[in-house]
Amino acid sequence: MKKLLLVLSVSLFLFSCNDQGDVSTESQGNSDSVGKSGSTSKFAIIGGYLYIVEGSYLKTIDITDPAKPEQIDEILVRDDLETIFPYKHISDGKEEDVLLLGALSGMHIYKINLDGTPNNGENIVLQHQRSCDPVVAYDGYAYFTLREGAGCREGQSELHTIDFDSKHIEKKLIDLNDLDNPKDETPIAMDGPKGLSFSNDKRALLVCDKNSLKVFSLEIPEEPEEIESAEKTNIQCNDIVEYKELYIVTGDNLLKLYTFDPITYELNWEFDFLDVRY
């Protein structure tokens, strides 16, 4: 009965999922004011604002009064936008809210203005080959997967690590003409990666890769190391979201629940929901 109640609670938690496995609920990242999002989500919440990617547009909705949401901004990004992830950047003791947009041609980085709108004049673009591009970030590092295949053009299947050096991103967001791009570390070859998530303690990265779920140690954040013994095979995995030490894996009409041992890096199956329509 306890497990059933847990599953029902998680089902309610996933009220905002769509058929690609998108999730957006409470806090993920460095602040309680930042909405929790799966890496394949198309919308995110920061404070009293909802951000949505739709086609080539980034839209801002004021939700400070939930009964009267109001669109206050719309930016044409000129790329095929796919995903959005809220990230709180900390530099010299100052916090800044940032949006990371995954797109077919690159990762777009937008700083948030005081009025809640993205700063369209100071965005960064980290270009890559045309591929599908989910992204997550924490504490100075972003991780994104590239996937080739149907709908993803001719790009590579890889896991990338971006080093957001505090001085780099700070200057880049202020003056685009006065800094090199944040450092893109050596990519890791993958089979067909999709969504990804941090472990609860941020010391591991869990990645959906074709028909498996892989675990990478982040003991050295810029050099993710695969823990091959922890890989789960024969699992259809579109995205994975960590929520209070519970790991929610979404597939096509499938939802699986796991727990994770941060010492052994083992994922432990808890429950399956089959034929889920979310």
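See the structure shown above.
In this text, all values refer to a predicted model and were calculated from it rather than measured experimentally. (Residues numbered from 1 in each chain as written. Predicted model: local features only at pLDDT ≥ 70, side-chain atom pairs only at ≥ 80, totals over all residues. Heavy atoms only, no water.)

### Looking at the sheet that holds strand β3 (residues 43-46)
Taken together, four strands build an open sheet; the order of strands is β3-β4-β5-β6 and the sheet is antiparallel. Of all the strands in the sheet, the pair left with one neighbour each is β3 and β6 (70-76). Neighbour to neighbour, the strand axes of the sheet diverge by 20° on average, direction disregarded. (Pairing = 2+ DSSP bridges. Helix = DSSP H or I, 4+ residues; strand = E, 2+ residues; numbered from the N terminus. Axes fitted to C-alpha atoms, helices over the stretch in contact; angles between N-to-C directions.)

### A look at the nonpolar core
Formed by 24 residues in total, the largest nonpolar core has its most connected members in Leu100, Tyr143 and Leu205. Breaking this core down by element, the ones donating at least two residues are β7 (81-91), β8 (94-103), β9 (106-111), β11 (135-138), β12 (141-146), β13 (158-163), β16 (193-198) and β17 (204-209). Of the residues forming this core, the biggest block, five residues, is contributed by β12. Once residues lying within four places of it in the same chain are set aside, the contact partners of Tyr143 are Pro134, Val135, Val136, His160, Thr161, Leu196, Phe198, Leu205, Leu218, Pro221 and Pro224. One finds Ala204, Ile227, Ile235 and Val249 within the second-largest nonpolar core, a separate group that totals 16 residues. (Core = buried A, V, L, I, M, F, W, Y, C linked by side-chain atoms within 4.5 Å. Buried < 20%, exposed > 50% of the residue type's maximum accessible area, 1.4 Å probe, protein only. Contact = heavy atoms within 4.5 Å.)

### Some thoughts on the state of the cysteines
Scanning the model with the defined rule gives one disulfide in all. Two residues, Cys208 and Cys237, share a disulfide whose sulfurs are 1.8 Å apart. Here Cys237 lies in the loop between β20 (232-233) and β21 (239-243) and Cys208 lies in strand β17, a separation of 29 residues in the sequence. No difference in accessibility class separates Cys208 from Cys237, as the two residues are buried. (Disulfide = S-S within 2.5 Å.)

### So, the environment of Arg78
In this structure, Arg78 sits in the loop between β6 and β7. Judged by relative accessible area, Arg78 falls into the exposed class, the value being 71%.

### Topic: the pattern of salt bridges
Any two side chains of opposite charge can pair, on the condition that their charged atoms come close. Under the counting rule described, the total for this entry stands at ten salt bridges. The salt bridge partner of Glu54 is Lys59, with a shortest N-O separation of 2.7 Å. Overall, the relative accessible area of 47% leaves Glu54 in the partly exposed class. Overall, the relative accessible area of 18% leaves Lys59 in the buried class. The closest approach of N and O atoms between Asp272 and Lys256, which form a salt bridge, is 2.9 Å. One end of the pair, Asp272, is in strand β24 (residues 267-274); the other, Lys256, is in strand β23 (residues 254-260), and 16 residues separate them in sequence. Lys256 gets classed as buried once you look at its relative accessible area, which sits at 14%. Look at the salt bridges and you will find they share partners, linking Glu54, Lys59 and Glu74 into a network. (Salt bridge = Lys/Arg side-chain N within 4 Å of Asp/Glu carboxyl O.)

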